[in-house]
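Letter by letter, the chains look like this.
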Amino acid sequence: MNPFHSVSLITSNKEMLGLIERINRVADSNSSILIIGETGVGKEVFADYIHRLSNRGQNPMVKIGLSALPAELMESELFGFEKGSFTNADHSKKGMFEMAHTGSIFLDDIDDTPLNIQAKLLRVLESNEIRHIGGTKPIHVDVRVICASKVELKDLVERQAFRQDLFYRLNIVQLRIPPLRQRKEDIPLLVEHFLKHFAKDKKLDVSEEVMSIFTEYNWPGNVRELRNVIQRASLFAENEITLSDLPDDFSKLHNLDKLIKECYHCFTSGKMDMKDVIRCLEEKLISEALTNADGNQSEAARKLGMKLTTLRDKIKRLNIQI
Ligand SMILES: Nc1ncnc2c1ncn2[C@@H]1O[C@H](COP(=O)(O)OP(=O)(O)OP(=O)(O)O)[C@@H](O)[C@H]1O
Ligand SMILES: [Mg+2]
């Protein structure tokens, strides 16, 4: 089966392709997989990919976000409960582990699991048995565990916020997904992919300027942030996504970036010495702050992080036209 049919995992990055290669080798084993990566890098995409590729791919994939659940609910969600086991339990309910039987369970934000649940998880993983809350008989479960963490679980182990034995049990195969800023070659591919997704009929493209801004930006929200930017821009743009279709932050960043490049050019070409470059940069930053503040000097001073009197001195000294 070609896994790309069911899950889009777009990449041309060597490290990412290495991860896929490793997954291809371990998908069919039942070993637990720990996926580590910043927010939005594609941890869930990888989890889906692993499940689909494995020989459990046609069986259930059950996902549970452990940070979204209060601790009391977590246990009943994971392991189920018997009728009458607590107030309001007027029926019995299967837990996620039972629902994932013969398939995989995706434990998202495993780093947010409270210690008492960690102990119970470990017991289930060691015995392949669960017990409903309020239940007495053990229930056999055959489940492949894939979990995701935003932080180094090992650090949590050192700080005693995560059980070492559970860490070893989960960390059989570890996949580290690099942030988007470390695999910029993926940006054009992802842009194309999201454009196809969000603007199928529009035949949209992105301008060269926008693509170069995308490549320079550091994407703290990773692929999710890029996806959102493309989704938003494709609503407004007609033939081409240009700078004006991007959130304001991008044009501000772009202006600053351009300014710094100009300064660098003036300096390296020998046009200006360091003193002149700094004077020119200062003048430009102050002029821009004044323009953005509609000439209001107090506001411009606040934005520049300087006293009003300092700003006034500089305006005079640099001969800035207001
Ligand atoms: N390599 C990729 N190819 C295609 N789409 C991707 C890729 N990586 C991420 N995405 C998309 O980016 C978005 C975020 O991905 P995902 O939800 O897997 O991130 P995450 O690491 O689980 O984030 P979080 O830590 O915030 O839960 C999703 O819409 C997903 O489809
Ligand atoms: Mg996720």
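Rules used throughout
Residues numbered from 1 in each chain as written. Chains lettered and ligands numbered in written order. Predicted model: local features only at pLDDT ≥ 70, side-chain atom pairs only at ≥ 80, totals over all residues. Helix = DSSP H or I, 4+ residues; strand = E, 2+ residues; numbered from the N terminus. Rg over C-alpha atoms; globule rule 2.2 N^0.38 Å. Contact = placed C-beta atoms within 7 Å. Near = placed C-beta within 6 Å. Nonpolar A, V, L, I, M, F, W, Y, C, P; charged D, E, K, R; others polar. Domains from an automatic or database assignment. Axes fitted to C-alpha atoms, helices over the stretch in contact; angles between N-to-C directions. Parallel < 35°, antiparallel > 145°, perpendicular 65-115°, else oblique. Left-handed = near helix turned anticlockwise from the far one by under 90°. Pairing = 2+ DSSP bridges. pLDDT = per-residue confidence, 0-100. Buried ≥ 20, exposed ≤ 12 C-beta atoms within 10 Å, placed from the backbone. Core = buried A, V, L, I, M, F, W, Y, C linked by C-beta atoms within 7 Å.

Trainee: I would appreciate a short explanation of the overall build of the chain in the present structure.
Mentor: Helix and strand counts for the chain stand at 14 helices and nine strands. For the chain, whose C-alpha radius of gyration is 27 Å, the value lies well above the compact-globule estimate of 20 Å for 322 residues. Seen along its three principal axes, the alpha-carbon backbone of the chain occupies a region of about 85 × 45 × 35 Å. Sequence separation of 24 or more characterises 71% of the internal contacts of the chain that already satisfy a separation of 6 or more.

Trainee: Would you explain the site of ligand 1 in this entry?
Mentor: Taken together, 17 residues lie around ligand 1, and Ile10, Gly42, Lys43, Glu44 and Val223 are the ones closest in. For the shell around ligand 1, the secondary structure elements donating two or more residues are α2 (43–53) and α10 (222–236). Classifying every residue of the shell around ligand 1 gives five nonpolar, seven polar and five charged. When residues of the shell around ligand 1 are sorted by domain, at least three fall in each of domain 1 (3–178) and domain 2 (181–246).

Trainee: I keep staring at the packing of helix α8 (residues 186–198) against α10 and nothing clicks. Help me out?
Mentor: A pair of packed helices is captured by two measures, namely the crossing angle of their axes and the spacing between those axes. Close contact between α8 and α10 brings their axes to 9 Å; oriented N to C, the two are set at 45 degrees. Taken together, α8 and α10 sit at an angle that is classed as oblique. As α8 runs across α10, the sense of the crossing is right-handed. Contact with α8, carried on its side by Ile187, Leu190, Val191, Phe194, Leu195 and Phe198, involves Val223, Leu226, Arg227, Ile230, Gln231 and Ser234 of α10 and no other residues of that element.

Trainee: I keep staring at the sheet that holds strand β3 (residues 104–108) and nothing clicks. Help me out?
Mentor: Strand pairing within a sheet occurs via backbone hydrogen bonds; the two strands may be parallel or antiparallel. In space, the five strands of this open sheet follow the order β2-β3-β6-β1-β7, with parallel pairing throughout. Taken across any chain shown, the strands that pair with only one partner, and hence form the sheet edges, are β2 (61–65) and β7 (173–176). Across this sheet, the average inter-strand angle for adjacent strands is 15 degrees, counted without regard to direction. Pairing analysis gives four bridges linking strand β1 (residues 33–36) to strand β6 (residues 144–149), with the strands arranged parallel. Looking at the pairing, isoleucine 33 lines up with isoleucine 146 of β6. Here α2 sits on the sheet in contact with β1, β2, β3, β6 and β7, set at roughly 165 degrees to β6.

Trainee: Can you walk me through the domain arrangement of the chain in this structure?
Mentor: A common way to express how large an interface is: the accessible area buried when the components associate. The domain architecture assigned to the chain consists of domain 1 (3–178), domain 2 (181–246) and domain 3 (259–322). When each unit is reduced to the centre of its C-alpha atoms, the spacing between domain 2 and domain 3 is 32 Å.

Trainee: Could you clarify how one ought to interpret the confidence of the model for the chain in this entry?
Mentor: Detailed reading of the predicted coordinates is not advisable wherever pLDDT falls low. With 98% of its residues at a pLDDT of 70 or more, the chain has an overall mean of 92. Element-level mean pLDDT values for the chain span from 81 in helix α11 (residues 248–268) up to 98 in β1. In the model, residues 1–5 has pLDDT below 50 throughout and makes three contacts with residues more than four positions away in sequence or in other chains.

Trainee: I tried to follow unusual backbone geometry on my own but got confused; where do I start?
Mentor: Trans peptide bonds make up the majority, and among non-glycine residues the majority have a negative phi. Positive phi values are uncommon outside glycine, yet threonine 102 reaches one of about 75 degrees. In this structure, threonine 102 sits in the loop between α4 (96–99) and β3. Of note in this structure, lysine 203 is not a glycine but carries a positive phi near 50 degrees. By the element assignment, lysine 203 lies in the loop between α8 and β8 (205–206). Classification of lysine 203 by C-beta neighbours within 10 Å gives exposed; the count is 9.

Trainee: Quick question: what am I supposed to make of the packing of α11 against helix α12 (residues 274–292) here?
Mentor: It is at 10 Å that the axes of α11 and α12 come closest, and there the two elements cross at 160 degrees. As judged from the angle between their axes, α11 and α12 are roughly antiparallel. Our pair here, α11 against α12, has a crossing hand that is right-handed. Contacts between α11 and α12 involve Leu259, Cys263, Cys266 and Phe267 from the former and Met274, Val277, Cys280, Leu281 and Lys284 from the latter. Considered class by class, the residues forming the contact of α11 with α12 number eight nonpolar, no polar and one charged.

Trainee: Sorry, what's going on with the environment of lysine 43 here?
Mentor: Tracing the sequence through the fold places lysine 43 in helix α2. Setting aside residues up to four positions removed in sequence, lysine 43 forms contacts with Ile35, Gly37, Ala148 and Ile177.

Trainee: Hey, could you run me through the nonpolar core in this one?
Mentor: If you look at the biggest cluster of nonpolar residues, it comprises 58 residues, and the most contacted ones within it are Ile35, Ile50, Phe97, Ile105, Leu107, Ile146 and Cys147. Residues lining this core come from more than one domain, with at least three contributed by each of domain 1 (3–178) and domain 2 (181–246). Setting aside anything within four residues of it in sequence, one finds isoleucine 146 in contact with Ile33, Ile35, Ala47, Ile50, His51, Ser104 and Phe106. Counting residues in hydrophobic clusters, the runner-up holds five residues, among them Ile286, Leu290, Ala300 and Leu311.

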